[in-house]
Amino acid sequence: MSDLPFLDLKAIQQLHADSLRSAFERVLASGWYILGEEVRHFEAEYAAYCGARECVGVANGLDALVLALRALDIGPGDEVLVPGNTYIATWLAVSHVGATPVPVEPLPNTANLDPERLAAALTPRTRAVLPVHLYGQPADLEPILAFAAAHGLKVLEDAAQAHGATYGGRRLGAHGDIAAWSFYPGKNLGALGDGGAITTNDAGLADRVRLLRNYGSRRKYHNEVVGYNSRLDELQAALLRAKLPHLDAENGRRALIARRYLDGLSGAPVQPLEVSDRCASVWHLFVIRHPQRDALASELAARGIATMIHYPVPPHLQPAYAHLNLPAGALPITEALHQQVLSLPMGPTMTLEDADRVIGAIHECA
Ligand SMILES: *Cc1c(COP(=O)(O)O)cnc(C)c1O
């Protein structure tokens, strides 16, 4: 039997090969490659998709977070509440603006930020909460937004893994003050290179990000603030425009695979993460917990089934964050998750037969 890849990016692009080619031809013929019509149209189309008033394209997801924090005026001396378990980019963005990431433990059943733990992490320096919609499932926004409102904090959402996900029936993009997106190739809406964006209902914040992404300049050679070069380029915007109309169908296929996994694994000794009934996940990843995760991963690999670990080492135990002095044991729920999680194959080109093969192998090995 042929190997089952974790995510078949080549097959995903093949689904859209004709429209990707014509997008490329359009940009090739335009003679205009940075901040033009394609970016303008993509921004309008993605804002409409998310139900947000504004979208600003930037170079990647990390920059989207950094520019959002800068737009919120968060900097040295400030603290930002972040999930203990997330991809390290969430923390790096806070560090890059000179602020300090303060970790909050997740709910063990969903792996998303536990709103009840925010209060204990609050100090007079806290300026913002940065929930991550991890693995495609929205964080529990209602209590997070209520907490932020009660304490005068801003809310920046890291939506890099959750394109199209809904909370309380509304798509992500403008629940908090501002949301940051990544279009890294492996995300649910992926470019053929790097890309990112912010969405918001606040025209003032969008304007600040627009200024910051382009050297702090509105008018060429007039620089109002110390800005960056962080622009979504025309080519990636055109390719994303070709893929956006298919995002819901692709997320639908992911949901079908997830349903199959959930049904098929109900009797197996593995614990899939739970999805709260307040939201709809877009299944960026399908993550299970298992006490002998590494052994299970090798058994599956021996049967030609690729898995991945998101993520093997939490940010606070990375050498990059040794200066925060958070030793092993400091975040026990986060650390237990990192030792037990395993991501199964998931993607919009998977078939139910592929899912059944994974389910069968897990019943044999777990
Ligand atoms: C991918 C990702 C990012 C960073 O996006 P890049 O485009 O790779 O810079 C940030 N946060 C989370 C949760 C991500 O998954």
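Predicted model, so just to flag it, every value in this text is computed and none were measured.

Considerations on the nonpolar core
Part 1 of the reasoning: Counting 30 residues, the largest nonpolar core has Leu 69, Ile 74, Val 80, Leu 156, Ile 178 and Val 209 as its most contacted members.
Part 2 of the reasoning: Of all the secondary-structure elements, those providing two or more residues to this core are strand S1 (54–58), helix H4 (61–71), strand S2 (79–83), helix H5 (89–96), strand S8 (178–182) and helix H8 (203–213).
Part 3 of the reasoning: Top contributing element to this core by residue count: H4, with seven residues.
Part 4 of the reasoning: Leu 69 has contacts with Ile 74, Val 80, Ala 93, Val 94, Val 97 and Leu 156, leaving out every residue within four places of it along the chain.
Part 5 of the reasoning: Core analysis: the next-biggest nonpolar cluster, separate from the first, contains 28 residues, Tyr 46, Leu 141, Ala 174 and Ala 179 among them.

Observations concerning helix H7 (residues 141–151)
Part 1 of the reasoning: Looking only at H7, the buried set comprises Leu 141, Ile 144, Phe 147 and Ala 148. Projection of H7 onto a plane perpendicular to its axis shows the buried side chains occupying an angular sector of 130°, all on one side. Turned more than 90 degrees off the buried face of H7, the exposed positions are Ala 149 and Ala 150.
Part 2 of the reasoning: As for H7, its buried residues are in contact with S2, helix H6 (118–121), strand S4 (126–129), strand S5 (154–158) and strand S6 (166–167).

Focus on the pattern of salt bridges
Part 1 of the reasoning: On inspection of all chains with the given rule, the structure shows 19 salt bridges.
Part 2 of the reasoning: In this structure, the salt-bridge partner of Asp 18 is Arg 21, at a minimum N-O distance of 3.8 Å. Taken together, the residues Asp 18 and Arg 21, both in helix H2 (residues 17–30) and three residues apart, mark about one turn of the helix.
Part 3 of the reasoning: It is possible to trace a salt-bridge network through shared partners that takes in Arg 26, Glu 38, Glu 45 and Arg 241.

Re the domain arrangement of the protein
Part 1 of the reasoning: Once the domains are mapped, the protein shows domain 1 (9–103 + 112–245) and domain 2 (246–365).
Part 2 of the reasoning: Relative placement of domain 1 and domain 2: their C-alpha centres are 24 Å apart.
Part 3 of the reasoning: At the interface, 41 residues of domain 1 touch 36 residues of domain 2.
Part 4 of the reasoning: Across the interface of domain 1 and domain 2, roughly 3100 Å² is buried in total on both sides, 58% from carbon and sulfur atoms.
Part 5 of the reasoning: Contact with domain 2 buries surface across domain 1, with Tyr 135, Gln 137 and Asn 188 losing the most and accounting together for 25% of the total.
Part 6 of the reasoning: Across the domain 1-domain 2 interface, the total number found is three salt bridges.
Part 7 of the reasoning: Measuring nitrogen to oxygen at the nearest pair gives 2.8 Å for the salt bridge that ties Arg 278 to Asp 140.
Part 8 of the reasoning: At the junction of domain 1 with domain 2, the criterion picks out 26 residue pairs in polar contact (both at pLDDT 80 or more).
Part 9 of the reasoning: Among the secondary structure elements, those contributing two or more residues to the side of domain 1 that touches domain 2 are helix H1 (9–15), H5, strand S3 (100–104), H7, S6 and helix H9 (234–243).
Part 10 of the reasoning: By residue class, the composition of the side of domain 1 that touches domain 2 is 20 nonpolar, 15 polar and six charged.

Conventions adopted
- Residues numbered from 1 in each chain as written.
- Predicted model: local features only at pLDDT ≥ 70, side-chain atom pairs only at ≥ 80, totals over all residues.
- Heavy atoms only, no water.
- Core = buried A, V, L, I, M, F, W, Y, C linked by side-chain atoms within 4.5 Å.
- Buried < 20%, exposed > 50% of the residue type's maximum accessible area, 1.4 Å probe, protein only.
- Helix = DSSP H or I, 4+ residues; strand = E, 2+ residues; numbered from the N terminus.
- Contact = heavy atoms within 4.5 Å.
- Arc of directions from axis to C-beta.
- Salt bridge = Lys/Arg side-chain N within 4 Å of Asp/Glu carboxyl O.
- Domains from an automatic or database assignment.
- Buried area = accessible area lost by both parts, 1.4 Å probe.
- Polar contact = N/O pair within 3.5 Å; in protein donor to acceptor, adjacent residues only side chain to side chain.
- Nonpolar A, V, L, I, M, F, W, Y, C, P; charged D, E, K, R; others polar.

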